[in-house]
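Structural overview
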Amino acid sequence: MALQEPVLTKRIPTPPFGDFSQRKLNSYEDFVATGGYAALKKAIDMQPSEIIDIMKASELRGRGGAGFPAGVKWSFLPPQDGKPRYLAVNSDESEPGTFKDRMLLDFDPHILLEGIAICMRACQLDTTYIYIRGEYHHQAKVLNKAIDEAYANNIFGPNSIMGKINDREPRCFVHRGAGAYICGEETALLNSLEGKRGWPRIKPPFPAVAGAFGRPTIINNVETLAMCGPIIDKGVDWFKTMGVARPDGVPPHVPASYGPKLIGVSGHVNRPGVYEENLGITVREMIEKYCGGMRNGKKFKSCVPGGIAMGVLSTDQIDAPLDFDIGKKFGCLGLGTAGVIVMDEDTDMVAVARNIVRFFSHESCGQCTPCREGSNWVYKTLCRIEEGNGTTADLDLLLEVSGSQGAMPGTTICGLADGTNWAIKTILNKFWSDFESRVSVSTIAGYSLPVLA
Amino acid sequence: MAWITKNSGTMQIETREEPYLDDELKAEIEANIIPRYPDRRAATLPTLHAVQHKVGWLPTQALKEIADFLGSAPSEVMDTATFYEEYWLKPKGKYVIWLCQSISCELMGRDTIMSKIKAKLNIEPGETTEDGKFTLMNVECLGSCGTAPCGLVNEKLHENMTVDNIDQILDSLE
């Protein structure tokens, strides 16, 4: 069933409820006039533990890629000990294909600030750092202005309507990154926040126990926090009418895919953009109903379901529903950020693989050798195949490297190397003939390969 | 690539009398940035941003001044500054053109735009024009995939770039 009313896009005109051209920045006054901060007032009347119980019951799953239930994450915090506790908002949106948080920050920053305030109250966190990527210059300015408005209207600050949290005045700051994809990984984000290079940390300890500055820290994505306000306002039952329910016979501890989701579609479609739909909508519906069909009337070839680390769908998987189970059912890593990149029949999948691996090779932080060296060698191999100098042995090697736990996957601190290999593995397996037709030489005997720099 | 190391062992550090991190900037950071964090080192990224905004890039002397100001070792500030792509450890042109090269932009034809810019400015990515006006850079995803191909010129994002409007964009820059 299609989404009945816009939730996160309530103030951001989006087809079919409005038009992209009507989008404008919502100020504090605009936000309050349309029911904003009512959920926060409701949350202030509740006990912190009640808010966490509601979030747990809603089964809201993190919208930043991993899909971990937000309420469960919030309940991991240790009891208060009188020292500071932090909220770090992950707005380092750098995964190719993902541009959903940007839309929220551009047009409705207060929906994020309301979610932040609710989370601070529920988890008793006194200081929030919104880690925004360095390239979002405009968004950082918009956000800073919105935070000033929020301070002026006593959402944060010494006279906050929330009173003292953790015996301190609630504070909220923007912290700008400086161009590093890896800082979207939660522990790398914390290191970057502390003024160090963005190197992921070994877990445990998990950030909820020892995060920023060694203190308990909750890290959530922008969209996850933005969803808190509507859930507190309208309730768990309302939230669970949307999305995909848990199938019969599945135990209740397995999280389902409830709720609406911002889905960013880019690539070869007529009307790319960020849309809001219930989880479970198919790729075909997204393309045909929202994006005006394929560009130039071409046929669908493949798509990335949610950021390039998730791998690709094959041509016959166009009816795959976009929910958190997509990974298990359709041979990719998962839903990720629901940044769908559509590719038409003329797309060269070898070039796609080369582009994706170049991204990971460029953005590898350099901490773990298998990722730093491996991604670069895989990139060089794919370049060679693209230039027409590849061998069938190269294909076997790529499959072996990307498919073996202990080669590149599973040997690194964070998931970047796993993402790289899921992308290679799925593209190779699902578009094998594209690669096979490019490797004309079956043996390297008597054939001189170009020198690899 | 973040992990390429610098030859800091042998390099000569150019210095000047006048500090890059002057008293005015120090006072501003001390008042507005430092109180946000529980320790001074956490202000490294904002301070690097502020100095780069004022000077245009980050000379080694400035890194040392920042280290002294924040109570870190100069090597710690350098460690941070070399990791992030947005910090310039050598002078850049007046306008830096960052053209996105990630998948959505490549699918939507960023290569033809890059060729056009290269031909027009007569430089390769990573280089600066002789008059010091433009620096051209390839950059990974700018988070504007729905309006690909896209690029940043300094802090301004240009969306839906075409070989035609790139001329106008470049010509409009003084």
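Residues numbered from 1 in each chain as written. Chains lettered and ligands numbered in written order. Predicted model: local features only at pLDDT ≥ 70, side-chain atom pairs only at ≥ 80, totals over all residues. Heavy atoms only, no water.

1. Side note on the overall build of chain B
Along chain B, the regular secondary structure elements total seven helices and four strands. Helices (α) and strands (β) of chain B occur, in sequence order from the N terminus, as α-α-α-α-β-α-α-β-β-β-α. In terms of overall dimensions, chain B has a C-alpha envelope of 50 × 35 × 30 Å along the principal axes. Taken across its 174 residues, chain B has 49% of its residues classed as buried. Pairs at least 24 apart in sequence give 63% of the contacts found in chain B among residues at least 6 apart. For chain B, the exposed area adds up to about 8400 Å²; of that, 49% sits on carbon and sulfur atoms. The centroid of the 17 positive side-chain charges in chain B is displaced by 0 Å from the centroid of its 28 negative side-chain charges. (Helix = DSSP H or I, 4+ residues; strand = E, 2+ residues; numbered from the N terminus. Buried < 20%, exposed > 50% of the residue type's maximum accessible area, 1.4 Å probe, protein only. Contact = heavy atoms within 4.5 Å. Areas by Shrake-Rupley, 256 points an atom, 1.4 Å probe, with all protein chains shown as cover. Lys, Arg positive; Asp, Glu negative; His and termini not counted. Charge placed at Lys NZ, Arg CZ, Asp CG, Glu CD.)

2. Some thoughts on the layout of surface pockets
The computed volume of the second largest pocket comes to approximately 1200 Å³. If you trace the second largest pocket, you find 43 residues lining it, with His137(A), Arg176(A), His49(B), His53(B) and Glu155(B) closest to the centre. The set of elements that each furnish at least two residues to the lining of the second largest pocket consists of α7 (137-152), β3 (171-176) and α13 (349-363) of chain A together with α1 (23-32), α2 (44-55) and β1 (95-100) of chain B. The element that contributes the greatest number of residues to the lining of the second largest pocket is α2(B), accounting for six residues. Considering only residue class, the lining of the second largest pocket consists of 18 nonpolar, 11 polar and 14 charged. (1 Å grid on protein atoms, 1.4 Å probe; cavity = no way out; pocket = protein on both sides within 12 Å on 5 of 7 lines; lining within 4 Å. Points joined across faces, edges and corners; volume = space filled by probe spheres on them. Nonpolar A, V, L, I, M, F, W, Y, C, P; charged D, E, K, R; others polar.)

3. Structural notes on the interface of chain B and chain A
Between chain B and chain A, the contact holds 39 residues from the first and 61 residues from the second. Viewed at the interface, chain A and chain B are joined by five salt bridges. Notably, a salt bridge pairs Glu155(B) with Lys141(A), separated by 3.3 Å at the nearest N-O pair. Between chain B and chain A we count 29 residue pairs in polar contact (both at pLDDT 80 or more) in total. Breaking the side of chain B that touches chain A down by element, the ones donating at least two residues are α2, α4 (74-83) and α5 (103-107) of chain B. When its residues are assigned to classes, the side of chain B that touches chain A shows 19 nonpolar, 11 polar and nine charged. (Salt bridge = Lys/Arg side-chain N within 4 Å of Asp/Glu carboxyl O. Polar contact = N/O pair within 3.5 Å; in protein donor to acceptor, adjacent residues only side chain to side chain.)

4. Re the domain arrangement of chain B
Each assigned domain of chain B is listed here: domain 1 (23-83) and domain 2 (95-171). Here the C-alpha centroids of domain 1 of chain B and domain 2 of chain B sit 30 Å apart. (Domains from an automatic or database assignment.)

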